[in-house]
Amino acid sequence: MGVYGTVPRNLTTTVKTKYTHVEEGSSNNCASIKMSAEDSQRNSLVFFVNGRKIVDKDIDPSLTLLAYLRRNLHLTGSKLGCGEGGCGACTVMLSRYDHQNYKIRHYAVNACYTPVCAVHGLAVTTVEGVGSSNKLHPIQERLANAHGLQCGFCTPGMVMSMYTLLRNYPQPTRKGIEEALVGNLCRCTGYRPILEGLSTFAENGCCGYPSSSKKLEGDEDMICGIFTPKDIVPYDPSQEPIFPPELQLSEELHSSTVRFNGKSVTWIRPVTLTELLKLKSDIPDAKLVVGNAEVKFEMMGKHTQHHTMISATHIPEMNHIEVTDDAMMFGASVTITSMGEALRKRIDELTRDSGQVYAALLELFDSFGDVQLRNVSGIGSHIMTASPLSDLIPLLMAAGSSVNIASYKGGNRTIPLDTEFITGYRTTCLNSDEVLIAVTIPQSKKGEYLSAYRVKKQVHRRDKSVAIVNAGLKVIFEENEHVVKDMTLCFGGTGPNIVMVTHVKEKVMGRTWDRNLLKDVLHVLNNLPISSQGGMVEYRKALLQSFFFKFFTRVLSQLHEKVHTGENIRTSDVSALIDIKREVATGSQLYQEVPDGQSAIDPIGRPVMNESSIQIVTGEAVFTDDVSPIPGELYLAFVLSKRPHSKIVYVDTTAAVALDGVHCYVGVSDVPGQNVYKGTDEKVEIFASDKVICVGQLIGGIVADSYELAQKAAKLVEVQYEDLECILSLEDAIRRESFYEPVCRLQDGNVEEQFQQSDHIIEGEIYIGGQSHFYMETQCCVVRPQEHGDVMVISSTQQPTQLQTQVASALGIHMHNVKVYVKHVGGGFGGKDERSIDIAAACAVAAKKLGRPVRTLMERDKDMQFVGTRHSAFATYKVGCNKEGKLKAMDVDLYVNAGCYLEVSHMILHQAMNCLHSAYKIPAYKECGRVCRTNIASFQPMRGAGTPNASVIMESIMDNVARKCGVSSEKVRELNMYQEGDVDNFFQDMPDVMYLRRCWTECLQRSDYHQRRSDIDKFNRSNKWKKRGLAIVPLKRGPGLPANFLNQGAALVHIYIDGSVMLTHGGVELGQGLHTRIMQTASRVLRISSERIRVNETSTDKVPNTTMTGGSVANELFGHAIKNACEVLMERLKPFINKNPKGSWEEWVTAAYMDRVSLSATGFYRHPEFVDCNWDNPRACRSVYHFVYGAGCSEVEIDCLTGDHELKRADIVMDVGESQNPALDIGQIEGAFIQGYGLHVTEELRYSMQGELLSRGPGMYRLPQIDDIPSVFNIALLKGAPCKEGIYSSKAIGEAPLHLSSSILLAIKDAISSARSDHGLSGHFELYSPATPERIRLSCVDEFTETVKVSEVEKDFFVRT
């Protein structure tokens, strides 16, 4: 067989557009080659998808490949996650035959920004072409068996990235697998199971994921690993489908010019340089494209006029790579991937000194975006963007590179790539008709030293090829001397242009390379102007000095090595030369075996696969936007507020509705019922009526024939505002006392007396930033009018009944007229609670107005602005303790930012104050909690719902107490930990609190904490610029919804006469495995295998009055309801079982049916205790069902000079009761922990002074990636810890593990503390969350940070909400 991979098993491609022709079986029909020229002459787009030939004679060039696949070909496995190529959900494989080198090339690309016209003559493979539920590909099988998915929205993209890697490298390395998946984000799993499943394709991968577990006494009945690779089907590359012979035997589709004309875009792909230059001369405003990474943004409606795109991918001169004795020349269309391959080959041929610049480029390439971006991004397009934040341009400038320019009328010219090439912000010196043809990079000369620097773990990226500050640094010495002959320093990120610090030369030329020179250069850099645009001025100034110091130290070390004279590197500075290295991931998962004698068909306690795994890995699972459109369906795009607090003067829709294909504008005047939320005391509106109270508030929407047209028209709606006074920051709200009532207070003991008896008083404050939910599937829904005035709503929501209520209210109809269906949901984490209701109500109003079905799918950047985030919090505290660190009293003022609406924020405050003591007993305490009103989008509950904030506050206090007392932090924690007989700060008893100590002790042992503490202290004494930190924290948290009426659940169970069973319940499957657990419960009660059972989609016409899915209570409520219904049915079947005890399940069911016994039952459950929030009398009720305990230990390494870090190891011991499903429980622990890593380290929200969220989308908001997870990741479930209240003795586990991620923040703080100690600073200090590179670097006080001076104006570029 060949080396292509796209013929789907049992898949028939159907294209429902009258202009598109599909040739069945054409991939094996060589006679069809003759058609290619004719197709091109007719301007037909010709390409192959999953082995089928597609000929589209009326292609719209403005479409992306993803839009075409999903809407024209109905291949919905590829998902729209972000629309900017940052999440990988849309990854597909492109394949092309290289007729010059006679080989087939495969490369993964992001279909969301790839223009469909760019695949002319190529073969496209989607997840549907890899395998199906009837015949899984080994990738799909292993990913499913390894439990490497949860919500599954990202899974098809993961499959395609891995599939492409295997097509190119059938036996990749583990490191290669990790690198291939960096561009694929997952919000649910924590990545570990994905890596474990796919690592089986690596050499010796069948031996399993390397284990790092430490065995303890008593582990004999513990199982290590939830995935056994021994039974996997071998991968045979020869069985992959062949590459289409038509594309292999003929070059016609690539040797002819093609032109595709559309209403808004003309796409031209010339094949000769002369033709390209002539086109650019005739159409100077045409956009020249290579890698397509920025093309998508040109087509998003930002340019409403017609524009021309010229593809330069097929120009031979621009794809050429030439190697000479002293340089390498790369054509402008050469991709970063191809460039990297050529550089590696050349480096192997050169000495280390001669290949310095090429090695530096390769090192940058490793962190240059991801594989998908590098596969399509051309070096020329990167240079021509002239981004001041470019990684590559400073290095190319420092290396003395030159560029070859050509125009049709002016001919060729070669100019140096320097500051004269870049003339301004994203502008160059090229004339409008000129084209960059190639870049020449000289190899390093004798006596030349060159390096590039950037911050690898940066938080904010406009696109994934840029950094905060970056540098290309070069020095040339006189022969065999330490004397400087020339020096070039180039920096990006300092202002609107890349800076070449030319005036430093006069200070260094002719001087010896020593610390006096270092001092003078640092002085120059400290006075280099830094633009306040983008903020972080102090950090950026510090980075300039840090980068040069690293360069100085490296050069000094190499000079001494070669010349053996002059000043040598200081021993304390050696660590500045060493990069933080990431090791190949390892880990272990320990859980208890099921009891001897448990039935083989009883799934309780076993690591059962997610019930939808097969459909998810094959792309067959149907998410909301995957639902096939019906005739007449329209699309809704939203108009959102651009002001934080303003009166709406008028809304002008004239230009928008004038566009052909636009049906109407929908706003407040179109709501037939109530525009205000039903059942709330505050005025929460669907559409803003007379004023807006935050940026991102919904004003209205445009309904049009297509998704793209609706978006384009929505941008044309003009809203005039009259601005009002606004409050944006939490700090400002506190200062101005902008609070919602009531204020929540809690007190016990004599606080003042205990303070007087304390040996130490510690005061401080801490801020915890918000966090975007960033579920992979954005807000979406489909509304379809039906007979009798009914409407069907298909929504991605966590609140089906509340959504039903508000849609009915908005339309002025009864709830029984609204049927809500929830299919697969691509993640929620609380973000698909309140705001999903707004989306559905607005969509329903549009459908009602037009009498037609309406669909909406929010763009990622609008979604993030509209939905709101996790609540940010600020606390001031005062604690008293004795000399040993025993707490005596605590006084805390806690402030939570609610945003523009109160909504559930008082519940968030209640949850936070409930967990404010974490796992510690405090004799006397006084706590005051306030909810702040600001003009920011209403903050929403997110995994943990306020309790992670409280946990960080308390754990930071414990760390500060330990530092003040000079006692180790783990001893202080042990000293204050709850014991048997204690009640918590809400006066709740904890009958199983002994599990807390067990988790703590076991975590200390499994993590080898004390030995590692000693090793880390030794490391830190020997290294000044690299520091390691270690921290361990305990956990106490309980599940429950603090409103008693919510703690109920219902279910419906049908047994059919063939013995199959259908379950329906009121919970929503969000990826947490709820449906799978429900199946396991039914399987045990009914005593049948899970194969006989199916869980139906959630629907309000099957199970009414559902409770929201959240708070870790869904399995408790709906699992018990299912159990109740199944027990009712088993009681009905009991007489027939007793009458025929040796009969089969089918016989018993048939007998009951024949005896006219109902085989359908409802189930209901309400939590037996009163669970609520009572601030007047906190002792009157419980606020949780039970308590979950755990302990987590994290180790990090930081670069004190840049703020970079690496999470080296994490060990977690978790009390989950008796695990109902170890695979799901461990998956929830890992996913929550990595999401918490994002909260506390990488995910920083930044708002403009006008209240606009700037960190929107993966380009500006950094989610944890697969190479961020701990290199060693160990999870152990505490054995022998049953929970009598839980279903089958299990505990709710979805949210609690996120608390343990505070150990990462504290480990970073521990490392920083060592750096500060080296500089003579001791005692406690505050490290706000998230601990971004900026905060890490500036907290590591040293001789460089002390010289940085920043004005107050420069500090205030962003608002901290």
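This structure is a prediction, so every number in the text was calculated from the model and none was measured. (Residues numbered from 1 in each chain as written. Predicted model: local features only at pLDDT ≥ 70, side-chain atom pairs only at ≥ 80, totals over all residues. Heavy atoms only, no water.)

## Re the overall build of the protein chain
- Along the backbone of the protein chain there are 38 helices and 47 strands.
- In summary, the protein chain has a C-alpha radius of gyration of 31 Å against a globular reference of 34 Å for 1361 residues, a match within 12%.
- Along the longest, intermediate and shortest principal axes, the C-alpha atoms of the protein chain span 90 × 80 × 70 Å.
- In the structure as shown, the protein chain presents an accessible area of about 46900 Å², 48% of it carried by carbon and sulfur atoms.
- When the 143 positive and 160 negative side-chain charges of the protein chain are each reduced to one mean point, those points stand 1 Å apart. (Helix = DSSP H or I, 4+ residues; strand = E, 2+ residues; numbered from the N terminus. Rg over C-alpha atoms; globule rule 2.2 N^0.38 Å. Areas by Shrake-Rupley, 256 points an atom, 1.4 Å probe, with all protein chains shown as cover. Lys, Arg positive; Asp, Glu negative; His and termini not counted. Charge placed at Lys NZ, Arg CZ, Asp CG, Glu CD.)

## Structural notes on the packing of aromatic side chains
- Counted according to the given criterion, the structure contains 21 aromatic pairs.
- When the centroid spacing of 6.1 Å and the interplanar angle of 25° are considered together, the rings of Phe739 and Tyr895 count as stacked. One end of the pair, Phe739, is in strand E30 (residues 739–748); the other, Tyr895, is in strand E37 (residues 887–899), with 156 residues separating them in the sequence.
- Exposure remark for Tyr895: the relative accessible area of 11% places this residue in the buried category. (Phe/Tyr/Trp six-rings, centres within 6.5 Å; stacked < 30°, edge-to-face > 60°. Buried < 20%, exposed > 50% of the residue type's maximum accessible area, 1.4 Å probe, protein only.)

## Considering the sheet that holds strand E22 (residues 499–500)
- Ordered by their spatial adjacency, four strands build an open sheet running E19-E20-E21-E22, and the pairing between neighbours is antiparallel. Strand pairing shows two members of the sheet lacking a second neighbour, strand E19 (448–454) and E22, which therefore form its edges.
- With two bridges joining them, strand E21 (residues 484–492) and E22 adopt antiparallel strand pairing. Among the inter-strand pairings, Cys490 is bridged to a residue of E22, identified as Met500. (Pairing = 2+ DSSP bridges.)

## Quick word on the environment of Leu544
- Relative to the elements of secondary structure, Leu544 occurs in helix H18 (residues 537–563).
- Considered as a pair, Leu544 and Leu522 are 22 residues apart in the sequence and their alpha carbons are 8.3 Å apart.
- Residues contacting Leu544, with those up to four places away along its chain left out, are Val469, Phe491, Thr494, Leu525, Leu528 and Ile530. (Contact = heavy atoms within 4.5 Å.)

## Some thoughts on unusual backbone geometry
- For the peptide bond that leads from Glu741 to Pro742, omega is 0°, which places it in the cis range.
- Within the secondary structure layout, Pro742 lies in strand E30.
- For the peptide bond that leads from Ser1329 to Pro1330, omega is 5°, which places it in the cis range.
- Take Pro1330: it is sitting in the loop between helix H36 (1302–1318) and helix H37 (1333–1339).
- Positive phi outside glycine occurs at Ala945, with the angle close to 45°.
- Positionally, Ala945 belongs in the loop between strand E38 (924–933) and helix H28 (947–965).
- Look at Ala945 and you get buried, because its relative accessible area is 8%.

## A closer look at the pairing of strand E25 (residues 646–652)
- Examined bridge by bridge, E25 and strand E27 (residues 691–692) share two bridges and lie antiparallel to one another. Following the sheet pairing, Ser646 is matched in E27 by Val692.
- Two elements, E25 and strand E29 (residues 718–723), share six bridges in a ladder whose sense is antiparallel. By the bridge assignment for E29, Val651 is matched with Val719.

## Here we look at the nonpolar core
- Residues Met487, Leu489, Trp513, Phe548, Leu894, Met1214 and Ile1308 are the most contacted members of the largest nonpolar core, which totals 239 residues.
- Sorting elements by how many residues they give to this core places H18 first, with 13 residues.
- Excluding its chain neighbours within four sequence positions, the residues that come into contact with Met487 are Lys474, Val475, Val504, Lys505, Val508, Trp513, Val521 and Phe548. (Core = buried A, V, L, I, M, F, W, Y, C linked by side-chain atoms within 4.5 Å.)

## Points about helix H2 (residues 65–72)
- In terms of burial, H2 is largely enclosed, as seven of its eight residues are buried.
- Taken residue by residue, H2 has Leu65, Leu66, Ala67, Tyr68, Leu69, Arg70 and Asn72 as its buried positions.
- Looking one or two places after H2, you find His74, whose phi comes out positive at around 60°.

## A short note on the pairing of strand E35 (residues 854–857)
- The two faces of E35 match: Val854 and Thr856 on one face and Arg855 and Leu857 on the other face are all buried.
- Bridging between strand E24 (residues 634–640) and E35 involves two bridges; their strand directions are parallel. Within E35, the residue paired with Tyr635 across the bridge is Arg855.
- Examined bridge by bridge, strand E32 (residues 780–785) and E35 share four bridges and lie antiparallel to one another. For Val783, the partnering residue across the bridge sits in E35 and is Val854.

## Focus on helix H32 (residues 1074–1086)
- Taking 1.5 Å as the rise per residue, H32 with 13 residues should run 18 Å; its terminal C-alpha atoms sit 18 Å apart, in good agreement.
- Among the 13 residues that make up H32, 12 are buried, leaving the element largely enclosed by the rest of the structure.
- Restricting attention to buried positions, one finds in H32 the residues Leu1074, His1075, Thr1076, Arg1077, Ile1078, Met1079, Gln1080, Thr1081, Ala1082, Ser1083, Val1085 and Leu1086.
- In the core, the buried residues of H32 are packed alongside strand E41 (1061–1065), strand E42 (1093–1095), strand E43 (1098–1099), helix H33 (1114–1139), helix H34 (1145–1154) and helix H35 (1222–1242).
- Two residues or fewer after H32 comes Arg1087, characterised by a positive phi angle close to 60°. (Expected span 1.5 Å × (residues − 1).)

## Let's talk about the confidence of the model for the protein chain
- Looking at the protein chain as a whole, its pLDDT mean stands at 92, while 94% of the residues score no less than 70.
- Within the model, the stretch residues 297–303 combines pLDDT values under 50 with 16 contacts to residues more than four positions away or in other chains.
- Every residue in residues 461–466 is under pLDDT 50, and counting partners more than four places away or in other chains gives 31 contacts. (pLDDT = per-residue confidence, 0-100.)

## Looking at the sheet that holds strand E10 (residues 287–289)
- Spatial strand order, E8-E9-E11-E10: four strands in an open sheet with mixed pairing. Either end of the sheet is taken by a strand with one partner, and the two such strands are strand E8 (258–261) and E10. On average, each strand axis in the sheet is tilted by 20° relative to the strand beside it, whichever way the strands run.
- Most of the contacts of helix H9 (residues 273–282) go to strand E11 (residues 307–311), to which it runs at about 165°, and overall it touches E8, strand E9 (265–269), E10 and E11. (Axes fitted to C-alpha atoms, helices over the stretch in contact; angles between N-to-C directions.)

## Some points on the side chain of Lys79
- Checked against the element boundaries, Lys79 lands in the loop between H2 and strand E4 (91–98).
- When its relative accessible area of 1% is taken as the criterion, Lys79 is described as buried.
- For Lys79, the side chain forms a polar contact with the main-chain oxygen of Thr76, separated by 2.8 Å.
- At 2.4 Å, the side chain of Lys79 and the side chain of Asp626 are in polar contact.
- Contacts of Lys79, omitting those with residues within four sequence positions, involve Leu66, Arg70, Ala89, Cys90, Phe153, Pro156, Ala621, Phe623 and Asp626. (Polar contact = N/O pair within 3.5 Å; in protein donor to acceptor, adjacent residues only side chain to side chain.)

## Quick look at the pattern of salt bridges
- On inspection of all chains with the given rule, the structure shows 74 salt bridges.
- Residues Arg1182 and Glu1169 are paired through a salt bridge, measuring 4.0 Å at the closest nitrogen-oxygen approach. Residue Arg1182 is found in the loop between strand E44 (1160–1166) and strand E45 (1188–1199), and its partner Glu1169 is found in the loop between E44 and E45; the two are separated by 13 residues along the sequence.
- Given a relative accessible area of 12%, Arg1182 falls into the buried group.
- Overall, Glu1169 belongs to the partly exposed group, its relative accessible area being 34%.
- One continuous salt-bridge network, built from bridges that share partners, spans Arg70, Lys79, Asp625, Asp626, Glu633, Arg784 and Arg855. (Salt bridge = Lys/Arg side-chain N within 4 Å of Asp/Glu carboxyl O.)

## Digging into the packing of helix H3 (residues 138–145) against helix H4 (residues 155–168)
- Packing of H3 against H4 leaves a shortest axis separation of 10 Å and a crossing angle of 130°. With respect to their mutual orientation, H3 and H4 come out oblique. H3 and H4 meet at a crossing whose hand is right-handed. Together, Ile139, Gln140 and Leu143 of H3 and Thr155, Val159, Met162, Tyr163 and Leu166 of H4 make up the contact between the two elements.
- Grouping the constituent residues of the contact of H3 with H4 by class yields six nonpolar, two polar and no charged. (Parallel < 35°, antiparallel > 145°, perpendicular 65-115°, else oblique. Left-handed = near helix turned anticlockwise from the far one by under 90°. Nonpolar A, V, L, I, M, F, W, Y, C, P; charged D, E, K, R; others polar.)

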